[in-house]
Amino acid sequence: MNYDTSLRIGTHEIALDAPTYFIADIAANHDGDLERAKDLIWKSKEAGADCAKFQHFVAGKIVSKVGFEGQKGQVSHQAKWKKSVVEVYDQYHTRRDWTDELIETCRKADIHFMTTPYDIEAVDMFRDLVPAFKIGSGDITFHEEVEHIAKVGKPVLLATGAADMKDVEDATALILRHNRQLCLMQCNTNYTGSLENFKYVNLRVLLTFAARWPGMVLGFSDHTPGHSAVLGAVALGARVVEKHFTDDNSREGPDHSFALNPVTWRAMVDATRELEAALGDGVKRIEANETETVVIQRRALRVKSDLAAGTTISANDLEALRPCPAGAVSPDALARVLGKKLSVSKDAGKELLWTDLA
């Protein structure tokens, strides 16, 4: 196995038996304002995030003006944008001269700082400043950048939205050639926030990943409303969850509408912690909080009438009634007691104990 089954991101261990690691993707929701970006860091921490993540790109190195202007109008979630694609990317990018203040704010807030770099220069700029790198779904076939990130040696979180299995296998093989620390993240990259998108999230892909790469750390990058899909992903083995974060879903901007806010983010984290507690270890047992109910809900074999010591027990002497105290004979052991003799007398209604049999 040429990959790790657990990762360490800063102070957190990421593994199947560890708590889910939550990444608040602030992304463009700072709206081009440094003070707002810093405020969102604090708010994401208060809402329960483990990591505040940004996206570092510059318009000219991620989108083509000629390419987008050559299309017949803007499509998908970009259709609602009032400005051109290039203008929006330029307006909402995370300024690189903010870096020191963003990192210092994360340090004060006790939350990890991370980024998704969209060019080689950004990778090199942040290689010593982040505990891990996220690769966005759109760059899964940008192998030059994928390989460059893998060679840094930090844990890599690879989103797989709008990709087929060959795309995933190719990028995964490329990363693992240089780096054992990989988290593979199922993702659906439709950013419209439509309820219809739940039909396309395809959480069972996590099971496909687990079968293809047994024990690999898995994650989920989500853009659906609320946190139903997140709970499903965690139940299927995801231990890294990324969602967009804002403080106001009504703000104008490319990512606000489908992001979680402090209230809904906290609800997601709390619900996930409840789910993690509920998942258990898979061993079927009488649990510690059932020791009393197992007595009052189960039946014991009880004598119907007074029986003297030395009586040979027949089926007509017994009935199965609750409760079943410790040491009592369970109804599923009826065949084992028939024909046995009582070593003590029994009053009507009393449970038959194994110690009562000669």
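Residues numbered from 1 in each chain as written. Predicted model: local features only at pLDDT ≥ 70, side-chain atom pairs only at ≥ 80, totals over all residues. Heavy atoms only, no water.

Examined against the element boundaries, Trp265 turns out to sit in helix α10 (residues 262-279). The spacing of Trp265 and Thr246 is 19 residues in sequence and 9.4 Å in space, taken between C-alpha atoms. Here Trp265 is in contact with Phe22, Ile23, Ala24, Ala47, Gly48, Ala49, Lys243, His244, Phe245 and Leu260, once residues within four sequence places are set aside. (Helix = DSSP H or I, 4+ residues; strand = E, 2+ residues; numbered from the N terminus. Contact = heavy atoms within 4.5 Å.)

In this section: the pattern of salt bridges. Across all of its chains, the model carries 25 salt bridges by this definition. Of the charged contacts, one joins Arg36 and Asp31 as a salt bridge, the two residues approaching to 3.3 Å between their closest N and O atoms. Each member of the pair, Arg36 together with Asp31, is buried. Its salt-bridge partner being Arg302, residue Glu351 comes within 3.0 Å of it at the nearest N-O pair. Pair noted here: Glu351 is in the segment after α12 (334-337) and Arg302 is in strand β11 (residues 300-303), with a separation of 49 residues, a long-range link. For the pair Glu351 and Arg302, a shared accessibility class is recorded, and that class is buried. Among the ionic contacts, a cluster of salt bridges with common partners joins Asp31, Arg36, Asp39, Lys43, Asp247 and Arg251. (Salt bridge = Lys/Arg side-chain N within 4 Å of Asp/Glu carboxyl O. Buried < 20%, exposed > 50% of the residue type's maximum accessible area, 1.4 Å probe, protein only.)

Another point: the pairing of strand β3 (residues 21-25). Counting buried positions over the 5 residues of β3 gives 5, a clear majority of the element. Pairing geometry for β3 and strand β4 (residues 51-56), over 3 bridges, is parallel. Following the sheet pairing, Ile23 is matched in β4 by Cys51. Between the parallel pair β3 and β4, the chain is carried across by helix α1 (residues 34-46), and the sense of this crossover is right-handed. (Pairing = 2+ DSSP bridges. Right-handed = clockwise from strand over helix to strand, strands pointing away.)

Turning to the nonpolar core, a few remarks are in order. Core analysis: the largest hydrophobic core is formed by 58 residues, its most contacted members being Ile41, Leu102, Leu158, Ile175, Leu184, Phe220 and Trp265. In terms of residues, this core owes the most to one element, helix α7 (residues 165-176), which gives 5 residues. Apart from the residues within four sequence positions on either side, Phe220 is in contact with Met185, Gln186, Val201, Leu203, Ala229, Val230, Ala233, Ala238, Val240, Val241 and Glu242. The next biggest cluster of nonpolar side chains, apart from the first, holds 13 residues, and it includes Leu7, Ile23, Met114 and Ala132. (Core = buried A, V, L, I, M, F, W, Y, C linked by side-chain atoms within 4.5 Å.)

Position of Ala229 among the secondary structure elements: in helix α9 (residues 228-235). Classification of Ala229 as buried rests on a relative accessible area of 5%. Other than its neighbours up to four places away in sequence, Ala229 contacts Phe198, Val201, Leu203, Phe220, Asp222 and Thr224.

A cis geometry characterises the amide bond from Arg322 onward to Pro323, with omega recorded as -5°. Within the secondary structure, Pro323 is located in the loop between β12 (318-321) and α12. A positive phi angle, close to 60°, is found at Asp31, a residue other than glycine. Take Asp31: it is sitting in the loop between β3 and α1. In this structure Asp31 comes out as buried when scored by relative accessible area, which is 17%. Residue Ala162 is not a glycine yet carries a positive backbone phi of 50°. Its location among the elements puts Ala162 in the loop between β7 (156-159) and α7.

Now for the packing of aromatic side chains. Across all of its chains, the model carries 7 aromatic pairs by this definition. Both rings, one in Phe57 and one in Tyr118, keep their centres 6.0 Å apart while their planes meet at 75°; by these two values the pair is edge-to-face. Placement of the pair is Phe57 in the loop between β4 and α2 (65-69) and Tyr118 in the loop between β5 (112-117) and α5 (120-126), with a sequence separation of 61 residues. With a relative accessible area of 7%, Phe57 lands in the buried category. Residue classification places Tyr118 among the buried positions, given a relative accessible area of 15%. The structure contains a cluster of three or more aromatic residues connected by ring pairs, namely Phe22, Phe245 and Trp265. (Phe/Tyr/Trp six-rings, centres within 6.5 Å; stacked < 30°, edge-to-face > 60°.)

So, on to the packing of α7 against helix α8 (residues 205-212). Remark: α7 packs on α8, axes separated minimally by 13 Å, with the N-to-C direction vectors making an angle of 45°. Relative to α8, the element α7 is oriented oblique. You can see that α7 and α8 cross each other, and the crossing is right-handed. Side by side, α7 and α8 meet where Met165, Val168 and Glu169 of the first sit next to Thr208, Phe209 and Arg212 of the second. Split into classes, the residues belonging to the contact of α7 with α8 amount to 3 nonpolar, 1 polar and 2 charged. (Axes fitted to C-alpha atoms, helices over the stretch in contact; angles between N-to-C directions. Parallel < 35°, antiparallel > 145°, perpendicular 65-115°, else oblique. Left-handed = near helix turned anticlockwise from the far one by under 90°. Nonpolar A, V, L, I, M, F, W, Y, C, P; charged D, E, K, R; others polar.)

It is worth stressing that arrangement in space is one thing and function is another; only the former is reported here.
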